[in-house]
Amino acid sequence: MARTLTEKILSSHLADGQMKLSEEIGINVDRVLLQDTTGTMACLQFEALNIPKPACERAVQYVDHNLLQVSFENADDHRFLQTFCSKYGIYFSKPGNGICHQVNLERFSIPGEVLLGADSHTPTAGGAGMLGIGVGGLDVAVAMGGGAFYFEMPKTVGVELKGRLKPWVSSKDIILELLRRLSVKGGLGCIFEYYGEGIKSLSVPERATITNMGAELGATSSIFPSDETTRDFFVLQKRMQDWKPLEADKSAVYDENIKINLDEIEPLIACPSSPGNVKKISEVEGTEVSQVIIGSCTNSSYRDLMVVSKILKGRHAHSSVDFHINPGSRQVLQNITRDGGLESLITAGARIFENGCDGCVGIGSAPPTHSNVIRSFNRNFPERSGTKDDKVFLASSEVCVAAAIFGKITDPRKLGEYPKVIWPKEFVIDDSMIISPSSKPSEVEIVRGPNIKPLPIRGSLETDLAGEVLIKVGDDVSTDAIVPAGAAVMALRSNVPAISEYVFRPVDPGFVARAREKKGGFIVAGQNYGQGSSREHAALAPMYLGVKAVLAMSFARIHYANLINFGIIPMEFSESKDYEALKLGSKIHIGNIIKQLNSNKLSVDAKIDSETISLHIPTSKRLREILIFGGLLNYTRKKSSISK
Ligand code: MIC
Ligand code: SF4
């Protein structure tokens, strides 16, 4: 039978279950990706499993987020991670080597393999035909230990690209077009598979822009075939041994189909403060901007920076614009420097930042108060930039550079002839900042500074859950609202007691005191609760504060799994009137929860004040058992054969 690319990869990795829509399956993982802000916890969790080295083919830990060292915390974490990796058989990409997804694409992607990453943009690898899935750190720790990764068999959406992009329109506009059509919830439970004659004209980094931002659709993953264009990329990377052709069978059938005619797309822009708030450039043209940033794992490749550099030749950034460039990797910076790209960026007045995430997640570059800013990034959730009431627009590198030149949002087609970027014959390849693990692990001592606090582990589930509603939030609440982004808070990722002080700070500064006073309780939320990042701290810190369950209309995939991993029960309302009726302080009592989880019932009965309502709970027996054990770590240690 004809198979999609997704079916081919999943079936060759299937470890458990049957590939039937919405059923839980377990897959074997080839490679894992960790980054510093999620990796410190994942390393502590891996350590708690008592396994000497990764059971998967390769594990790489990157330091790309917490690069600012205004105090000891981040430096401590870097040293902890480097020594940990050396001892535990993990490759270590040093600070300055680049953003995990960009470096992974360049140096570690392999068509047809499965990558599990502790970062929501792990699907970036799909640009090179690798199936990348973003998850919480604990799922990565378990996969490193050799455990399968479990998830619901997603729908496969075939996206046929026809025609060719017009000049000044780029692959960012393709994914913005999908976000315009489908919204930030439109990809939940789906893998997007791209095909058609239109893909031929898109290079691997352009494809990776699309698969990267598929995360903003809520998708499980996104993937392109591995073809001659992919081959060219592997030749440049001097990794021909890792390339192989791979595509869907010609008559493969998708669960859903989407067609995009590339000739019809025009430059688009996501307006404040959601990646789904997409408009045509013409609708916001003329809006003044105080800051422009080109970078992030979405648009910081060699191609992006060379296009920008060529556009800037003989031009200068507007006097009222603060113009930042964040190269995606050291490889990008080395090659644009060799090819003359860096010079015109500097001459045009750009501030060149470190190869890394930088301002994308509020690590520096916070914009001024009451001003509009535009960035080539993937996310613009409220206050993610570090400034209260921020107004962040998201667009392609081409649209961003036009704004930098004119000081206002401008259709880039007004810049004249579109510069052609010709890929060089050869790339400078230098892996000297990727450190191999020690060949004598027993001699390596792990250095733990005072910022590394022990991992909090909860006990098994209580028999009755009782307490009050501690907070009620609306739809599409992102993890940036639950545990904020930004340099100050992110430096506390290896210190759960300290980071817990910030839970819900942007939404309700009284939350933490209330949770303490009431000795825990419940969170009530609307649709798509926990969209955005994979940060498990958005579950771990509420767990630390005694949150027992989250009652929501619906959940984002990664956050749903993270809640279960830390023993917080995600429960879905059967009726929206129940969500509407609940308010701050409503009393909830769920009796005999363990018995209810052990039954075959699809929902639990909960007493709210004096009424009884029914709430849907995870259906899989495995997930229910994890909840009863008090989370995935307890479950893995007690039940599984991987933990020693
Ligand atoms: C993000 O873009 O939000 C992050 C920061 O990369 C997160 C990971 C984190 O919170 O550490 C993600 O995308 O998963
Ligand atoms: Fe880093 Fe931003 Fe990409 Fe997250 S989205 S990995 S913060 S560049």
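Data block above holds the structure.
Note that this is a predicted model, so its numbers are computed, not measured.

Calculation rules
- Residues numbered from 1 in each chain as written.
- Chains lettered and ligands numbered in written order.
- Predicted model: local features only at pLDDT ≥ 70, side-chain atom pairs only at ≥ 80, totals over all residues.
- Heavy atoms only, no water.
- Helix = DSSP H or I, 4+ residues; strand = E, 2+ residues; numbered from the N terminus.
- Contact = heavy atoms within 4.5 Å.
- Buried < 20%, exposed > 50% of the residue type's maximum accessible area, 1.4 Å probe, protein only.
- Pairing = 2+ DSSP bridges.
- Axes fitted to C-alpha atoms, helices over the stretch in contact; angles between N-to-C directions.
- Parallel < 35°, antiparallel > 145°, perpendicular 65-115°, else oblique.
- Left-handed = near helix turned anticlockwise from the far one by under 90°.
- Core = buried A, V, L, I, M, F, W, Y, C linked by side-chain atoms within 4.5 Å.
- Near = heavy atom within 4 Å.
- Nonpolar A, V, L, I, M, F, W, Y, C, P; charged D, E, K, R; others polar.
- Polar contact = N/O pair within 3.5 Å; in protein donor to acceptor, adjacent residues only side chain to side chain.

Chemist: An account of the side chain of N634 is needed here, citing residue identities and associated values.
Modeler: In this fold, N634 is placed in helix α23 (residues 632-639). In this view, N634 contacts I457, R458, G459 and F629; residues no more than four positions away in its chain are not counted.

Chemist: Tell me about unusual backbone geometry, and please be specific about residues and values.
Modeler: In this structure, the amide linkage connecting P272 to the following residue, S273, adopts the cis form with an omega of -10 degrees. Look at K238: it is not a glycine, yet its phi comes out positive at around 55 degrees. Locating K238 in the fold gives a position in the loop between α8 (228-236) and β12 (256-261). The backbone of H370 shows a phi angle near 45 degrees, a positive value even though the residue is not glycine. Position of H370 among the secondary structure elements: in the loop between β17 (351-352) and β18 (372-375). On the accessibility criterion, H370 (66% relative accessible area) is exposed.

Chemist: For the sheet that holds strand β10 (residues 190-195), give the residues involved together with the corresponding values.
Modeler: Reading across the sheet, the four strands line up as β11-β10-β9-β12 and stay open at both edges, with parallel pairing between neighbours. Edge strands, defined here as strands with exactly one partner in the open sheet, are β11 (221-223) and β12. Adjacent strand axes in the sheet meet at a mean angle of 20 degrees, parallel and antiparallel pairs treated alike. Summarising the sheet, β10 and β11 pair through three bridges and their orientation is parallel. Note on β11: the bridge partner recorded for E193 is I223.

Chemist: I'd like a description of the packing of helix α5 (residues 137-144) against α23, backed by residues and values.
Modeler: If you want to describe how two helices pack, look at the angle between their axes and the distance between the axes. At a minimum axis distance of 10 Å, the contact between α5 and α23 shows a crossing angle of 20 degrees. Here α5 is positioned roughly parallel relative to α23, judged by the angle of their axes. Seen along the crossing, α5 lies across α23 with a hand that is right-handed. The residues of α23 that touch α5, namely those facing L138, D139 and V142, are L632, L633 and T636.

Chemist: Please give an account of the nonpolar core that cites residues and values.
Modeler: The tendency in soluble globular proteins is for nonpolar side chains to be buried side by side. Of all hydrophobic cores here, the largest spans 113 residues; its most connected members are F511, Y529, L551, I569 and M571. Not counting residues within four places of it along the chain, the set of residues in contact with L551 comprises F522, I523, V524, A525, M571, F573, L582, I588 and L615. Judged by nonpolar contacts, the second largest core, of 40 residues, contains W168, Y302, L305 and A403.

Chemist: Outline the site of ligand 2, supporting the account with residue identities and numerical values.
Modeler: As a structural note, the neighbourhood of ligand 2 is formed by H65, H101, D119, H121, S296, C297, C357, C360, V361, N378 and R384. Residue composition of the shell around ligand 2, grouped by class: four nonpolar, five polar and two charged.

Chemist: Explain the site of ligand 1 to me, and be specific about the residues and the numbers.
Modeler: Near ligand 1 lie 15 residues; those nearest to it are T37, D119, S120, S534 and R535. Q35 places a side-chain nitrogen or oxygen 3.2 Å from an oxygen atom of ligand 1. Partitioning the shell around ligand 1 into residue classes produces two nonpolar, eight polar and five charged.

Chemist: Residues and numbers for the pairing of strand β21 (residues 465-472), please.
Modeler: Summarising the sheet, β21 and strand β25 (residues 587-590) pair through four bridges and their orientation is antiparallel. Of the residues in β25, the one forming a bridge with G467 is I588. Bridge count for β21 against strand β22 (residues 521-525) is four bridges, and the pairing is parallel. What sits directly across from E468, in β22, is G521.

Chemist: An account of the environment of Q241 is requested, with residue identities and associated values reported.
Modeler: With respect to the secondary-structure elements, Q241 resides in the loop between α8 and β12. Sequence separation of Q241 and I110 is 131 residues, and the distance between their C-alpha atoms is 9.6 Å.

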